[in-house]
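# Examination of the molecular architecture
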Amino acid sequence: MVGGGALHIDRDVGWLGIGATLADSRGRGGQGAVMARRIADAAATGCTTLTTETGILPGRPNPSLANMLRSGFTLAYERANWST
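Here goes a summary of the coordinates provided. The model shown is predicted, which means the values in this text are computed figures rather than measured ones. (Residues numbered from 1 in each chain as written. Predicted model: local features only at pLDDT ≥ 70, side-chain atom pairs only at ≥ 80, totals over all residues. Heavy atoms only, no water.)

### Description of the pattern of salt bridges
Pairing between side chains of opposite charge can happen when their charged atoms approach one another. With the rule as written, the count across this model stands at two salt bridges. In this structure, R11 engages D10 in a salt bridge whose closest nitrogen and oxygen atoms are separated by 3.6 Å. On the basis of relative accessibility, which here comes to 71%, the residue R11 falls in the exposed class. The closest approach of N and O atoms between R37 and D41, which form a salt bridge, is 3.0 Å. Of this pair, R37 and D41 both sit in helix α1 (residues 30-44), four residues apart, roughly one helical turn. Residue R37 is classed as exposed on the basis of its relative accessible area of 55%. The partly exposed category is assigned to D41, whose relative accessible area is 30%. (Salt bridge = Lys/Arg side-chain N within 4 Å of Asp/Glu carboxyl O. Buried < 20%, exposed > 50% of the residue type's maximum accessible area, 1.4 Å probe, protein only. Helix = DSSP H or I, 4+ residues; strand = E, 2+ residues; numbered from the N terminus.)

### Points about the packing of α1 against helix α2 (residues 63-70)
Relative orientation of the contacting elements α1 and α2 amounts to 45°, with a least axis distance of 10 Å. One element, α1, and the other, α2, form an angle in the oblique class. In terms of crossing hand, the pair formed by α1 and α2 is right-handed. Mapping the contact onto sequence places Q31, G32 and M35 in α1 and P63, S64, N67 and M68 in α2. Considering only residue class, the contact of α1 with α2 consists of three nonpolar, four polar and no charged. (Axes fitted to C-alpha atoms, helices over the stretch in contact; angles between N-to-C directions. Parallel < 35°, antiparallel > 145°, perpendicular 65-115°, else oblique. Left-handed = near helix turned anticlockwise from the far one by under 90°. Contact = heavy atoms within 4.5 Å. Nonpolar A, V, L, I, M, F, W, Y, C, P; charged D, E, K, R; others polar.)

### Points about α1
Note that an α-helix has 3.6 residues per turn; residues three or four places apart therefore point the same way. Under the 1.5 Å per step criterion, the end-to-end length of α1 is 21 Å for 15 residues, consistent within 8% with the ideal 21 Å. Where α1 is buried, its residues touch β1 (3-10), β2 (13-21), β3 (49-52) and α2. One or two positions beyond α1, positive phi appears at G46, with a value near 100°. (Expected span 1.5 Å × (residues − 1).)

Below you can see the structure in the form of structure tokens.
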């Protein structure tokens, strides 16, 4: 196994999170395949709404966000991240 992710379902809403791929296995479609499987599983259980999230680092590409957008998700908003 080189990747995985969580799917939490509450009635007809699903949350996809905690997705990860081993560093030496990235760039070969694993995260996209795990995303597609979770979406299919959610649909099979009757989910009508799915949500997910990832960080956005200014000026840096985000493969997770790219996979989410390719999978049909749309950007709802950018969350502010605070640090001390």
